[in-house]
Amino acid sequence: MVVKTQCKGHEVTGLRVGAYNARRYFPKHVADIELQLDHLRIQCGLSPEFWRGQPEINDPRLCAWLESKQFHGKPCRSSMPMAMIPSGENSFKLGPTSLNGAAKPRPRSVSAPWGSD
């Protein structure tokens, strides 16, 4: 699933999951999820507002990781897409994604030697 970073001013405040993803990937009885951030695994709580129109994950450790990985000390001006991949029961791996549809680099074609027709 694709999620987006949430920003307030110059800092990352969490991840916006979106209502559709919240319904599809998160059972209402779940109070915590596990996020894998590179080699780090953290447990994040889901607030009751998560299912009441504010499907966001807010955790200081998550925010610090996002800032270190995505913004490198630059101000947070807009949200960035991230891939959140299910990796077990109530567990997800978080990483970068590309939403701009950029094509993968194509292999270079072999051109004929100069002067051959």
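Residues numbered from 1 in each chain as written. Predicted model: local features only at pLDDT ≥ 70, side-chain atom pairs only at ≥ 80, totals over all residues. Heavy atoms only, no water.

A.B. asks: I keep staring at unusual backbone geometry and nothing clicks. Help me out?
C.D. replies: In this model, Asp 38 sits at a positive phi of 60°, which is unusual for a non-glycine residue. Along the polypeptide, Asp 38 turns up in the loop between strand E3 (32–37) and strand E4 (40–45). In this structure Asp 38 comes out as partly exposed when scored by relative accessible area, which is 39%. In this structure, Asn 90 is a non-glycine residue whose phi angle is positive, near 55°. Structurally, Asn 90 is set in the loop between strand E6 (81–88) and strand E7 (91–96). (Helix = DSSP H or I, 4+ residues; strand = E, 2+ residues; numbered from the N terminus. Buried < 20%, exposed > 50% of the residue type's maximum accessible area, 1.4 Å probe, protein only.)

A.B. asks: Help me out: how do you make sense of the sheet that holds E3 in this one?
C.D. replies: Each strand in a sheet pairs with another by means of backbone hydrogen bonds, the pair being arranged parallel or else antiparallel. On the basis of which strands lie adjacent, the open sheet formed by 7 strands has the order E4-E3-E7-E6-E1-E2-E5 and mixed pairing. On the outer flanks of this sheet lie E4 and strand E5 (56–57), each paired with one strand and no other. Sheet topology places strand E1 (residues 2–8) next to strand E2 (residues 11–16); 5 bridges connect them, and they run antiparallel. The residue bridging Cys 7 from the neighbouring strand is Val 12, located in E2. (Pairing = 2+ DSSP bridges.)

A.B. asks: Would you mind going over the pairing of E3 with me for this structure?
C.D. replies: Two faces make up the sheet, and in a regular strand the side chains alternate between them. Where E3 meets E4, 6 bridges bridge the pair, whose relative direction is antiparallel. Across the sheet, Glu 34 pairs through a bridge with Gln 43, a residue of E4. Counting the residues between successive antiparallel strands, the hairpin from E3 to E4 contains 2 residues, one of them, Asp 38, with a positive phi of roughly 60°. Relative to E7, E3 runs parallel, the two being bridged by 4 bridges. Across the sheet, residue Glu 34 finds its bridge partner in E7, namely Ser 91.

A.B. asks: How should I be thinking about the side chain of Asp 59 in this particular structure?
C.D. replies: Within the element layout of this structure, Asp 59 appears in the loop between E5 and helix H2 (60–71). Engagement of the side chain of Asp 59 in a polar contact is seen with the backbone nitrogen of Arg 61, the distance being 2.8 Å. Ignoring sequence-local partners within four residues, the contact set of Asp 59 consists of Ile 42, Gln 43 and Cys 44. (Polar contact = N/O pair within 3.5 Å; in protein donor to acceptor, adjacent residues only side chain to side chain. Contact = heavy atoms within 4.5 Å.)

A.B. asks: Honestly, the packing of aromatic side chains in this entry has me stumped. Any pointers?
C.D. replies: Two aromatic rings, taken as a pair, are described by how far apart their centres are and by the angle between their planes. Evaluation of the coordinates by the stated rule reveals 3 aromatic pairs. Measuring from ring centre to ring centre gives 4.9 Å for Phe 50 and Trp 51, while their planes differ by 70°; the resulting arrangement is edge-to-face. Of the aromatic side chains, those joined through ring pairs into one cluster are Phe 26, Phe 50, Trp 51 and Phe 92. (Phe/Tyr/Trp six-rings, centres within 6.5 Å; stacked < 30°, edge-to-face > 60°.)

A.B. asks: Just to check I follow, could you spell out the nonpolar core for this structure?
C.D. replies: Soluble, globular proteins show a tendency: their nonpolar side chains are buried together. Counting 23 residues, the largest nonpolar core has Ile 33, Ile 57, Met 84 and Leu 94 as its most contacted members. Counting residues per element, the ones that place at least two in this core are E2, E3, E4, H2, E6 and E7. Among residues more than four places away in sequence, those in contact with Leu 94 are Val 3, Leu 15, Gln 36, Leu 37, Leu 62, Trp 65, Leu 66, Met 82, Ala 83 and Met 84. (Core = buried A, V, L, I, M, F, W, Y, C linked by side-chain atoms within 4.5 Å.)

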